[in-house]
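Fold and geometry: a report
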Amino acid sequence: MKKYNVAVVGATGAVGEQLLSILAQREFPVDQVHALASTRSAGKKIRFGDRELEVGDLADFDFTNTQIGLFSAGAGISREYAPKAAAQGCIVIDNTSQYRYEDNIPLVVPEVNAEQIARYENCGIIANPNCSTIQMVVALKPIHDAVGIERLNVATYQAVSGTGKEAIDELDQQTRNIIDGKSVDCEVYPKQIAFNALPHIDVFMDNGYTKEEMKMVWETRKIMGDDTIQVNPTTVRIPVVNGHSEAVHLELKAPLSAEQAKRLLAEAPGIQVVDDREDGGYPTAATEGDGTDAVYVGRIREDISHPRGLNMWVVSDNLRKGAALNSIQIAEILVRDFI
């Protein structure tokens, strides 16, 4: 089997560590793996399978002999270095928001629009969507193909790992302080996250929605290839370490029963249906999502307020399927079909 040199940019971050872990777990055909980060992180040691890698300095790295670059170090880093890597012949799969909305750059979820990967030749960059969008569109795809979606309302319940390691530490420390009867400090989030829910992810836009919410609007339409889908999101940060949950309410173009939807979802790639109408018969972030690869769907039921309405509950690991795994699935298709 042909092997490839892979660079992981942002290797010391939460998603970067997952990228390295999943590359090893899925036995991606790597020859050399380059773990890259900022100058201050250069020289650190990081795990890759049963090996230890020394973190290199991104600023000094030559991508000429690297075929695939997995970028997850922030939009500013991707803005500067992704075009340089692409110009040196490295195909970039970018996990930041930098290139998601550019018309000539494909935005890909393999279970939904894998055919778009072929468009990497436009400029050598493929964009990985936002974590909350990824798990939702995986669940939407079989339903949209069957009957079409006119409109969806979604409320997300997003884990602090989506913000990074500092947010996990803040949740941990606040929780300990509250249990011990001490005051809490808020540095990562504007209000206390422990034992709380914050209806605020990313910056506020002029229309009153946050940027995280608007990402779900823009990205859903682009990935699904349908600008007519109306999307009304509310994104909420909750005190869960890892794994995002979403309450999705669909208004369909034609009626679809809960049983029909359940069968469609169960047959679709990347989805596991957990839908027993009994105590515990539904997926949650902690018990199903965390540390696993599937998108889990439960609470599938017809909307009693709309003749073509359908409700469902969608759960997935935001660092795996919502970020690192999706990137590596794109890379697997690249090496299988294109390079």
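Residues numbered from 1 in each chain as written. Predicted model: local features only at pLDDT ≥ 70, side-chain atom pairs only at ≥ 80, totals over all residues. Heavy atoms only, no water.

1. Looking at the layout of surface pockets
Unoccupied space between atoms shows up once a probe the size of one water molecule is rolled over them. Inclusion rule: Residues are called lining when one of their atoms sits within 4 Å of a cavity or pocket point, these points coming from a 1 Å grid over the protein atoms alone, where a cavity is a set in which a 1.4 Å probe fits but cannot get out and a pocket is an open set with protein on both sides within 12 Å along at least five of seven lines. Grid points are joined across faces, edges and corners, and a volume is the space filled by probe spheres set on the points. Helical segments are the DSSP runs of H or I of at least four residues, strand segments are the runs of E of at least two, and each set is numbered from the N terminus. Three residue categories are used. Nonpolar comprises Ala, Val, Leu, Ile, Met, Phe, Trp, Tyr, Cys and Pro, charged comprises Asp, Glu, Lys and Arg, and polar comprises the others, including Gly.
Of the volumes computed, that of the largest pocket is approximately 1,200 Å³. For the largest pocket, the lining is made up of 50 residues, of which S72, A73, G74, G162 and T163 are closest to its centre. When contributions to the lining of the largest pocket are tallied by element, the ones reaching two or more residues are helix 1 (14–25), strand 2 (30–37), helix 2 (75–87), helix 5 (165–179), helix 6 (211–224) and helix 9 (320–337). A class-by-class count of the residues in the lining of the largest pocket yields 19 nonpolar, 22 polar and nine charged.

2. Things to note about the packing of helix 1 against helix 9
The following threshold applies: Working convention: axes come from line fits to C-alpha atoms, limited for helices to the stretch in contact. Angles between N-to-C directions cover 0 to 180 degrees. Geometric relationships in this document are graded by angle, where less than 35 degrees denotes roughly parallel, more than 145 denotes roughly antiparallel, 65 to 115 denotes roughly perpendicular, and other angles denote oblique. Crossings are classed by handedness, with left-handed meaning an anticlockwise turn of the near helix from the far one by less than a right angle and right-handed meaning a clockwise turn. In this analysis, two residues are considered to be in contact whenever any of their non-hydrogen atoms come within 4.5 Å of each other.
Direction vectors running N to C along helix 1 and helix 9 enclose 50 degrees, while the axes themselves pass 9 Å from each other. Considering the angle they form, helix 1 stands oblique to helix 9. Between helix 1 and helix 9 lies a crossing of right-handed hand. Contact residues: V15, Q18, L19, I22, L23 and Q25 in helix 1; R320, A323, A324, L325, S327 and I328 in helix 9. Among the residues forming the contact of helix 1 with helix 9, the class breakdown is eight nonpolar, three polar and one charged.

3. Re the pairing of strand 4 (residues 51–54)
Which entries qualify depends on this criterion: One requirement defines pairing of two strands: DSSP has to find at least two bridges between them.
Strand direction decides the pairing type here: strand 3 (residues 45–48) and strand 4, joined by four bridges, are antiparallel. Along strand 4, the bridge assignment pairs R47 with E52. A loop of two residues connects strand 3 with strand 4, the two strands running antiparallel in sequence, and G49 in this loop sits at a positive phi of about 60 degrees.

4. Here's the deal with the nonpolar core
Put simply, the test is: Think of a nonpolar core as a cluster: buried Ala, Val, Leu, Ile, Met, Phe, Trp, Tyr and Cys residues, connected wherever their side-chain atoms sit within 4.5 Å. Only protein chains enter the area calculation, which uses a 1.4 Å probe; residues under 20% of their type maximum are buried, those over 50% are exposed, and those in between are partly exposed.
If you look at the biggest cluster of nonpolar residues, it comprises 53 residues, and the most contacted ones within it are F63, L140, I143, L250, V297 and M312. The dominant element in this core, judged by the number of residues it contributes, is helix 4 (residues 131–147), at eight residues. Within the second largest apolar cluster, 37 residues are counted, among which are A37, V55, A323 and I328.

5. Observations concerning the sheet that holds strand 5 (residues 56–57)
Sheets are built from strands paired through backbone hydrogen bonds, the pairs being either parallel or antiparallel. Read from one edge of the open sheet, six strands run 5-2-1-6-7-8, paired in parallel fashion. Each of the sheet's edge strands pairs with one partner strand only, and the pair in question is strand 5 and strand 8 (125–127). This element, helix 9, spans strand 1 (4–9), strand 6 (68–71), strand 7 (91–94) and strand 8 of the sheet and lies at about 155 degrees to strand 7.

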